[in-house]
Amino acid sequence: MRAEIQIPSILKIGGGSFAEAATLLVRLKCKRPLIVTDPFLMKGELPERLRQQMQDAGLSSGIFHETVADPTTAVVDAGVRVFVEGGHDSLVSLGGGSPIDTAKAIGMLAANGGRVRDYKVPNPIPTAGPTHVAIPTTAGTGSEVTRFTVITDVDSGEKMLIAGSALVPTAAVVDYELSLTMPPRLTADTGTDSLTHAIEAYISRRANAFTDAFALTAMKTIWRELPTSFRDPGNLKAREAMMLAATQAGIAFSNASVALVHGMSRPLGAHFHIPHGLSNAMLLPAVTKFSTEAAMSRYAECARTMGIARADDSDGNAVAEMIDALYERNAELQVPSPKQFGIDEERYIALIPTMAAQALASGSPQNNPRIPTVEEIEMIYSQVWQG
């Protein structure tokens, strides 16, 4: 199939590349960048190190640190005000997917005006935003290389998917050393998010030869290295491998799209504030089991690539082994079910029809090999309740 590939124009990758961020901004002719980060990182030294880099390079910068775990329209609006009133000409996002997604939306509204909802999929984004340099500190979302952002509407509670080439960051700085302080739970959740990106990109109806290469490489690395990163946070080899694989998985899904897991994950996060990677992990085994009959050979190739199945296993056996392995990996990474997470059962059951409708409306399930009905999505939500 034909494919149009969109990635940042510059990728700086490797340990120590964070120290080159200000030099990169100068190359991109930025003069007054706004750093977008979160309250947790503000307690540490990283934002100040970045600000000092910029000052030493002759740049004048500001910091917006009011981002939240699930970016909201209210936070984006506040960021736009800071950007405009401060006379900023560029954005530097520093953190996990939330600061990066927030910065994308800030740039979008700064260039186009209106409300975030105006650009919800399938609505277009007419004008590209200001220069945006993304610096991830977690090995997970891949947002530093993608054309997506997900913003929660504070009025409706809906997690809105926004997509378009205008959202692809201008450049990304991928330095695994920034991920060394990630705690085990965050390591597991963001790593499983990356694994889901890779698998869904490979089985997506929009997959292509370019994205396949990135998806297969990423899933092989993540499956091998995530347990080590989870158990041994200081393992530099595993951390470096996971950081690169997260970016590779981001390139894959940005250009092939995610599918049913992500479509169902967003409502779980919106209604119950489950971290995005964790909600993906809750859903991945059950959704895979539902989907495999429509793409046996593709899922079997995933199983062989990850080392779950042998090269001479039949497709059917490879897929069965993969489903079992996904459930076992969740147990190893201590992934709770929605029930174990502490969600009220009555509220969860009552919201299943709403969540199913929102999942289907997001468009992601239409990329799935087996396109579900709203009733089948409801069934999967019921299945994962107890894990």
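Above this text you will find the structure in question.
Residues numbered from 1 in each chain as written. Predicted model: local features only at pLDDT ≥ 70, side-chain atom pairs only at ≥ 80, totals over all residues. Heavy atoms only, no water.

**Q** What should I look at first to understand the environment of Pro 338 in this one?
**A** As for its position among the elements, Pro 338 is in helix α13 (residues 338-341). C-alpha of Pro 338 to C-alpha of Gln 383: the two residues are 45 residues apart in sequence and 10 Å apart in space. The contact partners of Pro 338, leaving out residues within four places of it in the chain, are Met 282, Ile 343, Tyr 348, Val 384 and Trp 385. (Helix = DSSP H or I, 4+ residues; strand = E, 2+ residues; numbered from the N terminus. Contact = heavy atoms within 4.5 Å.)

**Q** What am I meant to see in the nonpolar core here?
**A** One broad trend across soluble globular proteins is that nonpolar side chains are buried collectively. Ranked by internal contacts, the top residues of the largest apolar core, which has 74 residues, are Met 219, Met 264, Met 306, Met 322, Tyr 348 and Tyr 381. Beyond its immediate sequence surroundings of up to four residues, Met 219 is in contact with Leu 195, Ala 198, Ile 199, Tyr 202, Cys 302, Thr 305 and Met 306. In terms of nonpolar packing, the next biggest core, distinct from the first, is built from 21 residues, Val 76, Leu 91, Ala 105 and Tyr 119 among them. (Core = buried A, V, L, I, M, F, W, Y, C linked by side-chain atoms within 4.5 Å. Buried < 20%, exposed > 50% of the residue type's maximum accessible area, 1.4 Å probe, protein only.)

**Q** Can you walk me through the sheet that holds strand β8 (residues 171-174) in this structure?
**A** Each strand in a sheet pairs with its neighbour through backbone hydrogen bonds, running either in the same direction (parallel) or in the opposite one (antiparallel). Sheet architecture is open: six strands sit in the order β1-β8-β5-β4-β2-β3, paired in parallel fashion. The two strands at the open ends of the sheet, each matched to only one other strand, are β1 (10-13) and β3 (62-64). Put simply, the sheet's adjacent strands are angled 15 degrees from each other on average, direction ignored. In this structure, strand β4 (residues 90-95) lies alongside strand β5 (residues 131-136), joined through six bridges in parallel fashion. Directly across from Leu 91, in β5, lies its bridge partner His 132. (Pairing = 2+ DSSP bridges. Axes fitted to C-alpha atoms, helices over the stretch in contact; angles between N-to-C directions.)

**Q** What is the right way to read the pattern of salt bridges from this model?
**A** Should their charged atoms come close, side chains of opposite charge can pair. Evaluated as defined, the whole model comprises 20 salt bridges. Linking Asp 212 and Arg 298 is a salt bridge whose minimum nitrogen-to-oxygen distance equals 2.8 Å. Taken together, the residues span a long stretch of sequence, with Asp 212 in helix α7 (residues 209-231) and Arg 298 in helix α11 (residues 296-305) at a distance of 86 residues. In this structure, Asp 312 and Arg 310 form a salt bridge, with 3.4 Å as the shortest nitrogen-oxygen distance. When sorted by exposure, Asp 312 lands in the same class as Arg 310, which is exposed. Salt bridges linked by common partners bring Arg 117, Lys 120, Asp 153 and Glu 158 together as one network. (Salt bridge = Lys/Arg side-chain N within 4 Å of Asp/Glu carboxyl O.)

**Q** Explain the environment of Gly 191 to me, please; I cannot follow it from the model alone.
**A** Relative to the assigned elements, Gly 191 resides in helix α6 (residues 184-203). The class for Gly 191 is buried, based on a relative accessible area of 0%.

**Q** Any chance you could explain the pairing of β1 here in plain terms?
**A** One face of the sheet, then the other: side chains in a regular strand alternate in exactly this way. Burial along β1 is one-sided: Ile 10 and Lys 12 are buried, while Leu 11 and Ile 13, pointing the other way, are not. Relative to β8, β1 runs parallel, the two being bridged by four bridges. By the bridge assignment for β8, Ile 13 is matched with Val 174.

**Q** What should I look at first to understand the pairing of strand β6 (residues 148-152) in this one?
**A** Counting buried positions over the five residues of β6 gives five, a clear majority of the element. Residue alternation in β6 divides its side chains into two sets, Phe 148, Val 150 and Thr 152 and Thr 149 and Ile 151, and both sets are buried. Here β6 pairs with strand β7 (residues 159-163) via five bridges, running antiparallel. Directly across from Thr 149, in β7, lies its bridge partner Ile 162.

**Q** Looking at this structure, how should I read the packing of α6 against α7?
**A** Helix packing geometry: the angle between the two helix axes and the distance between the axes. It is at 8 Å that the axes of α6 and α7 come closest, and there the two elements cross at 160 degrees. With respect to each other, α6 and α7 are oriented roughly antiparallel. The element α6 and its partner α7 pack so that their crossing is left-handed. Along its contact with α6, which presents Pro 184, Arg 185, Thr 187, Ala 188, Gly 191, Thr 192, Ser 194, Leu 195, Ala 198, Ile 199, Ala 201 and Tyr 202, the element α7 presents Asp 212, Ala 215, Leu 216, Ala 218, Met 219, Ile 222, Trp 223, Leu 226, Ser 229 and Phe 230. Residue composition of the contact of α6 with α7, by class: 15 nonpolar, five polar and two charged. (Parallel < 35°, antiparallel > 145°, perpendicular 65-115°, else oblique. Left-handed = near helix turned anticlockwise from the far one by under 90°. Nonpolar A, V, L, I, M, F, W, Y, C, P; charged D, E, K, R; others polar.)

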